[in-house]
Amino acid sequence: MLDNLPRGTICIEDIEMGMSRHLRKTVTDEDIEMFAQISTDRNPVHLDDDYARDTIFEGRIAHGMLTAGLISAVIGEQLPGHGTVYMGQSLKFLAPVRPGDTVYAEVKVVDIDVGKRRVKLDCHCAVDGKKVLIGEAMVLAPSRKFD
């Protein structure tokens, strides 16, 4: 995975409007198989070339939640990072992600409530510059007061 900043924690006291972080990851057949094993979602559209060829996607696709997991990775590792707690997430899937696609996942701060330690993040994933997922997350950010 390639990202724009090292992993760690950005405390609520240091988060600013417009701050953003991202990562890039190429989704592999192994990723899809491991996600199927972990999630128990063995839908053949993800795992069976012959089956998937006859679907509206005309080929295998990654699980949508695998793609969404990359948003979680940015939130949990970079912004706000370690110690962050998810409160909610909305997702809209716009296009499929296929094995071999490189996904760019980004989150951007759009609202901050320092008193409640809440941060609202605009989230999206893209492949070759085309958005494949959009959404919004609400998280509880870590604070230096509790260190």
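Keep in mind that what you see is a predicted model, and the values were worked out from it rather than measured.

(A) How the structure looks around the overall build of the chain. Regarding its fold elements, the chain presents 4 helices and 6 strands. For the chain, the sequential pattern of α-helices and β-strands runs β-β-α-α-α-α-β-β-β-β. Overall, the C-alpha framework of the chain stretches about 55 × 30 × 25 Å when taken along its three principal axes. Each of the 147 residues in the chain was classed as buried or not, and the buried ones make up 39%. Within the chain, residue pairs in contact and separated by at least 24 positions form 65% of the contacts whose partners lie at least 6 positions apart. In the form shown here, the chain has an accessible surface area of approximately 8000 Å², with 51% of it arising from carbon and sulfur atoms. Of the side chains in the chain, 18 bear a positive and 23 a negative charge, and the two mean positions are spaced by 6 Å.

(B) The arrangement of the pairing of strand S5 (residues 118-127) in detail. Buried residues dominate S5, accounting for 7 of its 10 residues. Two strands pair when backbone bridges link them, and strand S4 (residues 102-113) and S5 are joined in this way by 10 bridges, in the antiparallel orientation. Paired with Val109 across the bridge in S5 is Leu121. Looking at chain direction, S5 and strand S6 (residues 130-140) are connected through 10 bridges and run antiparallel. Note on S6: the bridge partner recorded for Arg118 is Leu140.

(C) Region of the structure containing the pattern of salt bridges. Taken as a whole and assessed by the stated rule, the structure comprises 7 salt bridges. Asp31 is the salt-bridge partner of Lys25, the closest N and O atoms lying 2.7 Å from each other. In this structure Asp31 comes out as buried when scored by relative accessible area, which is 15%. The salt bridge partner of Arg60 is Asp29, with a shortest N-O separation of 2.4 Å. In this pair, Arg60 is assigned in the loop between helix H3 (49-53) and helix H4 (64-77) and Asp29 in helix H1 (residues 29-39), connecting sequence segments 31 residues apart.

(D) Molecular detail of the environment of Asp14. Looking at the element boundaries, Asp14 is found in the loop between strand S1 (2-3) and strand S2 (20-26). For Asp14 and Ser143, which are 129 residues apart along the polypeptide, the C-alpha to C-alpha distance reads 9.1 Å. For Asp14, the side chain forms a polar contact with the side chain of Arg144, separated by 2.4 Å.

(E) Representation of H4 within the structure. In a regular helix each residue adds 1.5 Å, so 14 residues correspond to 20 Å; H4 covers 20 Å between its end C-alpha atoms and thus fits that length. Of the positions making up H4, those classed as buried are Leu66, Thr67, Ala68, Leu70, Ile71, Val74 and Ile75. In this structure, the buried residues of H4 make contact with S2, H1, strand S3 (85-93), S4, S5 and S6.

Rules used in this analysis
Residues numbered from 1 in each chain as written. Predicted model: local features only at pLDDT ≥ 70, side-chain atom pairs only at ≥ 80, totals over all residues. Heavy atoms only, no water. Helix = DSSP H or I, 4+ residues; strand = E, 2+ residues; numbered from the N terminus. Buried < 20%, exposed > 50% of the residue type's maximum accessible area, 1.4 Å probe, protein only. Contact = heavy atoms within 4.5 Å. Areas by Shrake-Rupley, 256 points an atom, 1.4 Å probe, with all protein chains shown as cover. Lys, Arg positive; Asp, Glu negative; His and termini not counted. Charge placed at Lys NZ, Arg CZ, Asp CG, Glu CD. Pairing = 2+ DSSP bridges. Salt bridge = Lys/Arg side-chain N within 4 Å of Asp/Glu carboxyl O. Polar contact = N/O pair within 3.5 Å; in protein donor to acceptor, adjacent residues only side chain to side chain. Expected span 1.5 Å × (residues − 1).

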